Amino acid sequence: MTQRAPHSFGEHIPEPSGPPDHPERSRIDAGAELDPVHPVKLPAPAVNIRGLTSAEVAERVARGEVNDVPVRSSRSVAEIVRANVFTRFNLIIGVLWLIMLFVAPIQDSLFGFVIIANTGIGIIQEWRAKKTLDSLAVIGEAKPTVRRDGVAAEIHTSEIVLGDLIELGPGDKVVVDGTVAEADSLEIDESLLTGEADPVVKHAGDHVMSGSFVVAGGGSFAATKVGREAYAAQLAEEASRFTLVQSELRTGISTILKYVTWMMVPTAIGLIISQLVVQDNDFKNSIARTVGGIVPMIPEGLVLLTSVAFAIGVVRLGRQQCLVQELPAIEGLARVDVVCLDKTGTLTEGGMDVTEVRALGGADAAYLQHVLGALGASDPRPNASLQAIVDACPNGEKWRCTQSLPFSSARKYSGAAFDEGGGRTSVWLLGAPDVLLPEQDPALTEIEQLNEQGLRVLLLARAQGGLDGPDIATGAVPSALIVLEQRLRPDAGETLAYFADQRVTAKVISGDNAVSVGAVAGKLGLPGAENTLDARHLPTEPDDMATAVEQNAVFGRVTPQQKRNMVGALQSRGHTVAMTGDGVNDVLALKDADIGVSMGSGSEATRAVAQIVLLNNSFATLPSVVAEGRRVIGNITRVATLFLTKTVYSVLLAILVVCTKVDYPFLPRHLTLLSTLTIGIPAFFLALAPNKERAHPHFVRRVMRYAIPSGVIAAVATFATYLIARHHYVGTGALEAETSAATLTLFLVSMWVLAIIARPYTWWRICLVAAMGLAFLIVLVVPWLQEFFALKLVGTAMPWTAVGIAVVASAALEYAWRLVGRRFPV
């Protein structure tokens with residue numbers, strides 16, 4: 001446990017002068033029922049602000065009053081096994097496999113062993129992904145600060161007990177329900193629970209809900225409900241759960257499988273009747289050929305291969321310290337065409353350096369050093385700007401802080417009142433110059449020049465009144481400009497160049513001065529960095545706002561609510577938007593964006609709502625996530641066409657067989673061989689290959705527009721060869737010869753589909769296609785393989801006829817693909 005002295009929120013924590021309080025004295029009454037959305041105001045609780053003692057903690061643990069909500073980053077092993085084994089198609093294939101084990105040779109049951117192997121691969125890959133996610137979740141887990149025995153320490157969320165005193169600071173998430181014990185200008189955002197965007201000021205005795213987060217100020221609260229009793233316990237669990245839902249890719253595949261099932265059932269029934277009743281064949285042979293017609297209709301490997309591709313993507317990204325909290329985020333970021341970046345922590349590193357303190361109005365430099373040092377010492381949790389001031393002016397504890405106003409993203413400044421000693425008092429404000437100064441102030445010209453150099457400027461001003469008034473900044477006297485130099489991320493420029501190359505528009509949205517932000521973006525080579533806009537002049541009408549956001553690249557002085565509105569405006573124009581951020585002011589926008597990306601060092605609230613957490617705090621990891629998503633989507637679209645081409649030609653062949661009342665041409669072993677060589681093995685390699693193609697919407701349409709004509713051409717060519725062969729061969733062994741000729745045509749046509757899908761060619765793709773062709777040739781020429789797969793080409797006329805029909809069909813395939821590409825673009 002990391003320990004530190006507790007924060008003093010305006011008062012010193014006294015040492016106990018007598019025996020410790022009775023355990024129940026330090027516990028807030030948790031028995032009262034509270035409306036979670038409109039809680040009843042409680043009287044200020046009598047809480048021991050030293051927190052629970054070790055004995056009290058042990059007592060509560062023994063009673064089971066522990067925050068034992070299981071927060072998981074992935075599915076359990078049992079769930080992984082169930083999800084991969086107990087599927088609709090595995091059930092169908094399993095039943096058919098058992099039938100084939102009793103009525104046919106083992107080679108006609110090979111499809112069952114293939115399914116077992118594929119399912120095992122799926123389980124192993126997702127288990128690997130689970131291990132990666134679980135280890136990353138531990139690294140990225142936020143630890144609340146709990147005060148026990150008068151000492152503040154970071155502990156795991158699951159170790160919180162009823163009555164614990166939990167400290168709060170800007171960006172902290174409220175992890176359990178409780179009652180405020182101490183408050184120092186404490187403002188909490190409950191929008192994730194109530195939908196209300198405005199922060200709520202909390203005082204001692206007020207109720208706080210788990211799932212809300214601190215936007216300003218600090219304090220502490222006593223836990224009144226822990227574990228599953230907490231109002232938003234499920235919110236925290238869902239925020240970090242590994243999911244497989246809400247994905248266009250998976251939804252599209254589910255839609256395809258639903259239609260396939262509808263087609264498959266009546267077709268299979270017709271095939272069964274045809275083979276068993278109409279033909280009046282040998283019972284076992286009829287069963288074998290019926291199963292041979294049903295099995296290839298099922299695109300069983302498509303779901304498996306999608307899961308494997310996603311799981312391997314998770315493992316690959318995990319090696320780069322990228323935690324994917326929701327699996328479809330890999331896919332979602334690949335579809336993004338606009339990425340909104342927060343400057344601080346994304347384009348720049350978290351730290352800053354004070355380069356100059358420029359006095360205004362003849363202010364004394366030494367006195368200003370005291371003021372800045374006192375301001376730094378007044379905030380127990382300084383942000384990056386204030387920390388730079390603390391580092392530059394470390395001696396700030398000589399003055400006593402009598403009142404403080406924490407920094408807020410909405411007002412853009414902070415403040416503090418001091419007793420300087422000797423009866424002298426003062427009130428100071430520190431924040432954005434263009435907010436604290438009137439529009440025509442001459443100092444703004446000087447500030448503008450500094451901003452144009454990419455420097456960040458804060459104004460130190462002396463307030464005329466107290467910090468309680470509504471117009472604190474009115475009449476404030478400017479005293480100094482604090483010039484801060486931001487540390488640019490060395491890899492930010494390359495990352496922005498990557499997005500520009502991939503036609504992803506980057507927009508910088510910041511709370512800082514727009515000119516300063518534009519200068520920083522310009523240094524990093526952001527396209528359109530000269531198009532800056534002060535968000536205070538941003539239109540409020542949604543359509544006008546959308547136009548302004550599309551036309552400009554850099555936005556400054558953006559409030560948290562405006563960030564959210566800007567994301568919504570872009571989405572209203574059909575853009576898929578990603579939002580990156582690390583501060584509490586980014587939470588609302590992260591939540592509403594299609595993909596939220598948080599830095600690992602960001603606030604707990606941002607990590608909770610983001611789908612992707614960059615644990616290494618490197619913005620440069622984003623291209624890897626985009627590339628991984630594009631690889632998954634592009635490759636799954638390719639291989640889905642392979643699988644569904646097989647489904648289409650299998651259904652159509654079965655219909656043709658039923659209509660013409662002939663024997664089904666194939667045994668299961670034939671189609672197992674064809675599926676393995678033209679779909680199974682190639683699809684595995686193609687699904688994991690590099691692919692930088694930009695993701696496109698309408699997955700189902702994109703796949704089916706090619707699969708349907710390909711399947712129809714393959715079925716017609718195969719059945720034509722089969723009918724010609726039925727007239728060519730007579731006598732004993734005719735059916736086997738007919739099947740061999742039809743298999744040759746179907747293999748060649750399927751290979752041409754594979755060759756089209758493998759484009760653009762690389763050396764390994766050419767080798768892959770050639771290897772599959774060579775494998776089939778080996779089956780045709782090796783005697784024991786001929787016997788095993790019941791494949792033997794008889795004579796020369798019919799085999800060459802089969803090849804000729806396949807050549808014509810391949811030419812038709814080429815024409816059909818080009819026609820579809822022109823007539824039905826996505």
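Residues numbered from 1 in each chain as written. Predicted model: local features only at pLDDT ≥ 70, side-chain atom pairs only at ≥ 80, totals over all residues. Heavy atoms only, no water.

### Structural notes on the overall build of the protein
Looking only at helices and strands, the protein features 27 helices and 22 strands. Put simply, of all contacts in the protein between residues at least 6 apart along the chain, 73% involve residues at least 24 apart. Total accessible area on the protein is roughly 33,800 Å²; 59% of this is exposed by carbon and sulfur atoms. (Helix = DSSP H or I, 4+ residues; strand = E, 2+ residues; numbered from the N terminus. Contact = heavy atoms within 4.5 Å. Areas by Shrake-Rupley, 256 points an atom, 1.4 Å probe, with all protein chains shown as cover.)

### Considering helix α10 (residues 328–335)
With eight of eight residues buried, α10 lies mostly within the body of the structure. Residues P328, A329, I330, E331, G332, L333, A334 and R335 constitute the buried set of α10. (Buried < 20%, exposed > 50% of the residue type's maximum accessible area, 1.4 Å probe, protein only.)

### A short note on the pattern of salt bridges
Scanning the entire structure with this criterion turns up 21 salt bridges. Between E628 and R316 there is a salt bridge, with the nearest N and O atoms lying 3.5 Å from each other. In this pair, E628 sits in helix α21 (residues 622–660) while R316 sits in helix α9 (residues 300–318), placing the two residues 312 residues apart along the sequence. On the basis of relative accessibility, which here comes to 8%, the residue E628 falls in the buried class. In this structure, R564 engages D592 in a salt bridge whose closest nitrogen and oxygen atoms are separated by 2.6 Å. Taken as a pair, R564 in helix α18 (residues 560–572) and D592 in helix α19 (residues 587–592) lie far apart in primary sequence, 28 residues in all. Under the relative-accessibility criterion, R564 is labelled buried at 17%. (Salt bridge = Lys/Arg side-chain N within 4 Å of Asp/Glu carboxyl O.)

### Section: unusual backbone geometry
P760 follows R759 through a cis peptide bond whose omega is -5°. Positive phi is not limited to glycine here, since R503 has a value of about 60°. Looking at the element boundaries, R503 is found in the loop between α15 (492–501) and β17 (505–509). On the basis of relative accessible area, R503 is assigned to the exposed category, the value being 59%. Not every positive phi belongs to a glycine, and R557 is a case in point at roughly 55°. Relative to the elements of secondary structure, R557 occurs in the loop between β19 (554–556) and α18.

### Some points on a nonpolar patch on the surface
On the surface, a nonpolar cluster with roughly 620 Å² of combined accessible area is contributed by L98, L101, F102, I106, F113 and I116. Mapped onto the nonpolar patch, the elements with two or more residues apiece are α3 (88–103) and α4 (110–140). Counting residues per element, the nonpolar patch draws most heavily on α3, which supplies three residues. Looking at the secondary structure, you find L101 in helix α3. By relative accessible area, L101 is classed as partly exposed at 38%. (Patch = residues over 30% accessible without salt bridge, like charges linked within 9 Å, V, L, I, M, F, W, Y side chains within 5 Å.)

### Remarks on the nonpolar core
L333, L526, I612, F619 and F776 are the most contacted members of the largest nonpolar core, which totals 128 residues. Examining the composition of this core, we find that 15 residues originate from one element, α21, more than from any other. Once residues within four sequence positions are removed from consideration, L333 is found in contact with A578, I595, I612, L622, V625 and V626. Listed in part, the 28 residues of the second largest apolar core include A216, A535, A569 and L590. (Core = buried A, V, L, I, M, F, W, Y, C linked by side-chain atoms within 4.5 Å.)

### Considerations on the packing of aromatic side chains
Per the stated rule, a full pass over the model turns up 11 aromatic pairs. Taken together, a centroid distance of 6.1 Å and an interplanar angle of 55° make the contact between F719 and Y722 tilted. Of this pair, F719 and Y722 are both found in helix α23 (residues 699–728), three residues apart, which corresponds to roughly one turn of the helix. Classification of F719 by relative accessible area gives buried; the value is 6%. Given a relative accessible area of 0%, Y722 falls into the buried group. With a centroid separation of 3.9 Å and 15° between ring planes, the pair formed by F747 and F776 is classed as stacked. With a gap of 29 residues between them, F747 in helix α24 (residues 734–757) and F776 in helix α25 (residues 763–781) connect regions that are remote in the sequence. In terms of burial, F747 and F776 fall into one category: buried. Sitting over the face of the ring of Y259, K258 holds its NZ or CZ atom 5.6 Å from the ring centroid. (Phe/Tyr/Trp six-rings, centres within 6.5 Å; stacked < 30°, edge-to-face > 60°. Lys NZ or Arg CZ within 6 Å of the ring centre and 35° of its normal.)

### Section: the sheet that holds strand β21 (residues 595–599)
Pairing is mixed across the open sheet formed by eight strands, whose spatial order is β9-β22-β21-β20-β10-β17-β19-β18. On the outer flanks of this sheet lie β9 (322–324) and β18 (532–534), each paired with one strand and no other. On average, adjacent strands in this sheet sit at an angle of 20° to one another, irrespective of strand direction. Here β9 pairs with strand β22 (residues 612–614) via three bridges, running antiparallel. Bridge pairing in β22 links L323 to V613. (Pairing = 2+ DSSP bridges. Axes fitted to C-alpha atoms, helices over the stretch in contact; angles between N-to-C directions.)

### Structural notes on the pairing of β17
Most of β17 sits inside the fold, with four of its five residues counted as buried. Inspection of the sheet shows β17 paired to β19 by two bridges, in the parallel sense. Across the sheet, the residue bridging to V508 is V554, located in β19.

### A few points about α9
The end-to-end C-alpha separation of α9 is 28 Å, in line with the 27 Å expected for 19 residues at 1.5 Å each. Of all 19 residues making up α9, 16 are buried, and the element is well covered by its neighbours. (Expected span 1.5 Å × (residues − 1).)

### Re the packing of helix α14 (residues 443–452) against helix α16 (residues 514–523)
One can describe the packing of α14 onto α16 by two numbers: an axis separation of 7 Å at closest approach and a directional angle of 20°. As far as their axial angle goes, α16 and α14 are roughly parallel. Considering how the two elements wind past one another, α14 and α16 form a crossing that is right-handed. Every residue of α16 that contacts α14 at E448, N451 and E452 is listed here: V515, S516 and A519. By residue class, the composition of the contact of α14 with α16 is two nonpolar, two polar and two charged. (Parallel < 35°, antiparallel > 145°, perpendicular 65-115°, else oblique. Left-handed = near helix turned anticlockwise from the far one by under 90°. Nonpolar A, V, L, I, M, F, W, Y, C, P; charged D, E, K, R; others polar.)

### Examining the confidence of the model for the protein
Per-residue confidence for the protein averages 80 on the pLDDT scale, and 87% of its residues sit at or above 70. Considering each helix and strand of the protein separately, the mean pLDDT is smallest for strand β1 (residues 2–4), with a value of 44, and largest for α25, with 94. A low-confidence stretch, residues 1–45 (pLDDT under 50), is modelled with 87 contacts involving residues beyond four sequence positions or located in other chains. For the stretch residues 235–245, pLDDT sits under 50, and the model shows 38 contacts to residues farther than four places along the chain or on other chains. (pLDDT = per-residue confidence, 0-100.)

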